[in-house]
Amino acid sequence: MNNQLIIMMMPLGQMQTNCYVLGNTETKDAYVFDPGADPDSVFRMLEKENLNLKGIFLTHGHFDHILAVDAILERAGMDLPIYANRKEKEVFENGSYNLCSMVGQTFRFMPDHYLDDGDVLDLCGSKVTCLHTPGHTCGGMCFYIEDKYWLIAGDTLFQGSIGRTDFPTGSYAQLSKSIKEKIYTLPDWTKVFPGHGESTTVGEEKVSNMFVHL
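Everything numeric here is computed off the predicted structure, so don't read it as measured data.

Chemist: Please provide a residue-by-residue account of the sheet that holds strand E8 (residues 126-132), values included.
Modeler: Strand order in the open sheet made by the six strands is E7-E8-E9-E10-E13-E14, with mixed pairing throughout. Each of the sheet's edge strands pairs with one partner strand only, and the pair in question is strand E7 (120-123) and strand E14 (200-201). Of the strand pairs in this sheet, strand E10 (residues 150-154) and strand E13 (residues 191-194) are connected by four bridges, and their pairing is parallel. Considered in E13, the bridge of Leu 151 is made with Val 192.

Chemist: Any details on the packing of aromatic side chains? Residues and values, ideally.
Modeler: The description of two aromatic rings rests on the distance between their centres and on the angle between their planes. Enumeration over the complete set of coordinates arrives at 10 aromatic pairs. Between Phe 92 and Phe 109, the ring centres sit 6.2 Å apart and the planes meet at 70 degrees, which makes this aromatic pair edge-to-face. One end of the pair, Phe 92, is in helix H3 (residues 89-93); the other, Phe 109, is in the loop between helix H4 (100-103) and strand E6 (113-115), with 17 residues separating them in the sequence. Both residues of the pair, Phe 92 and Phe 109, belong to the buried class. Between Tyr 149 and Trp 189, the ring centres sit 5.8 Å apart and the planes meet at 75 degrees, which makes this aromatic pair edge-to-face. Of this pair, Tyr 149 sits in the loop between strand E9 (141-145) and E10 while Trp 189 sits in the loop between helix H5 (172-183) and E13, placing them 40 residues apart in sequence.

Chemist: Please provide a residue-by-residue account of the sheet that holds strand E5 (residues 82-85), values included.
Modeler: The six strands are arranged E1-E2-E3-E4-E5-E6 in an open sheet whose pairing can be described as mixed. Bordering the open sheet on either side are strand E1 (5-12) and E6, each of which pairs with just one other strand. Going across the sheet, the axis of each strand differs from the next one's by a mean of 25 degrees, ignoring polarity. As paired elements, strand E3 (residues 29-33) and strand E4 (residues 52-57) share five bridges and run parallel to each other. Looking at the pairing, Ala 30 lines up with Leu 53 of E4. The strands touched by helix H1 (residues 39-48) are E1, strand E2 (17-24), E3 and E4; relative to E1, the strand with the most contacts, the crossing angle is about 155 degrees. Sheet strands touched by helix H2 (residues 69-76): E4 and E5. Its angle to E4, the strand with the most contacts, is close to 155 degrees.

Chemist: Mind laying out the packing of H1 against H2, listing which residues take part and the relevant values?
Modeler: Describing two packed helices takes the angle between their axes plus the distance from one axis to the other. Remark: H1 packs on H2, axes separated minimally by 9 Å, with the N-to-C direction vectors making an angle of 50 degrees. Between H1 and H2, the crossing angle belongs to the class labelled oblique. Considering only the axes of H1 and H2, their crossing is right-handed. Residues Pro 39, Asp 40, Val 42, Phe 43 and Glu 47 of H1 form the contact with H2, whose participating residues are Ala 71, Ile 72, Arg 75 and Ala 76. Residues belonging to the contact of H1 with H2 are distributed by class as follows: six nonpolar, no polar and three charged.

Chemist: Now, about unusual backbone geometry: what can you tell me, with residues and values included?
Modeler: Positive phi, normally seen in glycine, also occurs at Asn 50, with a value near 55 degrees. Unlike most non-glycine residues, Cys 124 shows phi in positive territory, near 55 degrees. On the secondary structure map, Cys 124 appears in the loop between E7 and E8.

Chemist: Please provide a residue-by-residue account of the nonpolar core, values included.
Modeler: Val 21, Val 42, Leu 46, Leu 58, Ile 72 and Phe 109 are the most contacted members of the largest nonpolar core, which totals 30 residues. Breaking this core down by element, the ones donating at least two residues are E1, E2, E3, H1, E4, H2 and E5. The biggest single contributor to this core is H1, with four residues. Among all residues touching Phe 109, those that are not within four sequence positions of it are Leu 58, Ile 66, Val 69, Asp 70, Leu 73, Ile 82 and Phe 92. With 20 residues, the next largest nonpolar core counts Ile 7, Cys 130, Met 141 and Phe 143 among its residues.

Chemist: Explain the pattern of salt bridges to me, and be specific about the residues and the numbers.
Modeler: Enumeration according to the criterion identifies nine salt bridges in this entry. Across the pair Glu 146 and Lys 127 runs a salt bridge, and its minimum N-O distance is 3.5 Å. Here Glu 146, found in the loop between E9 and E10, pairs with Lys 127, found in strand E8; they are 19 residues apart in sequence, far enough to count as distant. With a relative accessible area of 27%, Glu 146 lands in the partly exposed category. Take Lys 127: its relative accessible area is 44%, and that puts it in the partly exposed class. Residue Arg 164 is joined to Asp 166 by a salt bridge in which the shortest nitrogen-to-oxygen separation is 2.8 Å. When salt bridges with common partners are traced through the structure, they connect Asp 40, Glu 47 and Arg 75 into a single cluster.

Quick notes on the rules
Residues numbered from 1 in each chain as written. Predicted model: local features only at pLDDT ≥ 70, side-chain atom pairs only at ≥ 80, totals over all residues. Heavy atoms only, no water. Pairing = 2+ DSSP bridges. Helix = DSSP H or I, 4+ residues; strand = E, 2+ residues; numbered from the N terminus. Phe/Tyr/Trp six-rings, centres within 6.5 Å; stacked < 30°, edge-to-face > 60°. Buried < 20%, exposed > 50% of the residue type's maximum accessible area, 1.4 Å probe, protein only. Axes fitted to C-alpha atoms, helices over the stretch in contact; angles between N-to-C directions. Contact = heavy atoms within 4.5 Å. Parallel < 35°, antiparallel > 145°, perpendicular 65-115°, else oblique. Left-handed = near helix turned anticlockwise from the far one by under 90°. Nonpolar A, V, L, I, M, F, W, Y, C, P; charged D, E, K, R; others polar. Core = buried A, V, L, I, M, F, W, Y, C linked by side-chain atoms within 4.5 Å. Salt bridge = Lys/Arg side-chain N within 4 Å of Asp/Glu carboxyl O.

Next up, the structure:
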C-alpha cells in the first residue's frame, strides 16, 4: 500500500463542489480533481502540503467542476495535462450541455488527454483505474485508486443520493446501470469521495441508497 498517498477535499464555489487534491508526501507530486472555483484555495492547499501540481482531472464537464481550470493553468505557468473521458468531449464543447450558458460563464481550455473506460494510470505512485459511468452526463468518469480503495466519484454517486439526470445527456437508466455495474461491484469498504457532500462507502450505499438498489 502506498502510505505516502494523501487525499484532501475542498468544497469550492457557490455550488460547494468538492475539489480533491491527490498527492504523494514523498515525491511531492499532486493532481487536482474537479477544480470548479476559487483557484486560490487550490494553490493554498498545494503550498501547505508542499506539493507540485502535475495535472488536472475532470470527472465531467459541468461548469461547477471546471471553471477554475483556466486560472490554474495561467497561474501554474505551464502546460499542465487535462484529463477527461473521451465521451465527454461533446459536453465540453457545448455551452448548453456543460451548463455554462445557463449561468453566463465561459472557459477557454479543452481537455488534451482523453481517457477510455478501463484505462489504468500511475498517479503519485498508485494505480488508478478510469471507470466510465454515464448517466449524470454521457461521459462521466470515476477514478478508482486501487491500493487505497478510494473512489473519486464526481456527481455519479452521493451519500444517500445520486447525480441529477435531467440535464442534457443525462439518463437515470444509464446512471443506475453505471452505479450497479461499476461502483457497487467494488469492495464494500471502498471510500467514495463524491462531487458534493460528505464521503461514504460502497457498502453503505448498497444497503441504504434509496435511488439505486441492487
